[in-house]
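Observations on the model geometry
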Amino acid sequence: MLRIVVFDSGWGGELVARYLEQELEIVEVIRVIDWGHAPYSEKTEMEICNLAMEQLRLYMGKVDLVVLAGYTVSLAKDFLQKQYPSQKIVGMDID
């Protein structure tokens, strides 16, 4: 069974996790929702990167995929990919 971590700072992550569970019955979905530091929209990009690293550290390199479920948390995608180059990470591409 594939293991997927869905990371977000709020309800959007819950919705993405629920959708994946319903549509992909062959995956185990692990929710990492950082309610304690929400909203991320009020944080700098470096604060978002550091919070994402802190919240995901236990899972990086141990799961098949990390899904950054929202626009704001996706700001950490490149940062996390540099820290964990072998970990598959998806999120919104932000230019």
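**Considerations on the nonpolar core**
Counting residues in each nonpolar core, the largest one holds 20 residues, and the members touching the most others are Val5, Phe7, Leu56, Val66, Leu68 and Leu80. Only β1 (2–8), β2 (27–33), α2 (45–56), β3 (65–68) and α3 (77–83) provide two or more residues apiece to this core. For this core, the leading source of residues is α2, giving six residues. In this structure, valine 5 is in contact with Ile30, Val32, Leu56, Tyr59, Val63, Leu65, Val66 and Val67, ignoring residues within four places of it in sequence. In terms of nonpolar packing, the next biggest core, distinct from the first, is built from eight residues, Ile4, Val6, Val29 and Ala69 among them.

**Some thoughts on a nonpolar patch on the surface**
A surface patch of nonpolar side chains, about 270 Å² in accessible area, is lined by Leu2, Leu24 and Ile26. The residue isoleucine 26 is located in the loop between α1 (11–23) and β2 in this model.

**Concerning the side chain of serine 9**
Along the chain, serine 9 falls in the loop between β1 and α1. The class for serine 9 is buried, based on a relative accessible area of 14%. Aside from chain neighbours lying at most four places away, what touches serine 9 is Ile33, Asp34, Trp35, Ala38, Tyr40 and Val73.

Thresholds applied
- Residues numbered from 1 in each chain as written.
- Predicted model: local features only at pLDDT ≥ 70, side-chain atom pairs only at ≥ 80, totals over all residues.
- Heavy atoms only, no water.
- Core = buried A, V, L, I, M, F, W, Y, C linked by side-chain atoms within 4.5 Å.
- Buried < 20%, exposed > 50% of the residue type's maximum accessible area, 1.4 Å probe, protein only.
- Helix = DSSP H or I, 4+ residues; strand = E, 2+ residues; numbered from the N terminus.
- Contact = heavy atoms within 4.5 Å.
- Patch = residues over 30% accessible without salt bridge, like charges linked within 9 Å, V, L, I, M, F, W, Y side chains within 5 Å.
- Areas by Shrake-Rupley, 256 points an atom, 1.4 Å probe, with all protein chains shown as cover.
- Salt bridge = Lys/Arg side-chain N within 4 Å of Asp/Glu carboxyl O.

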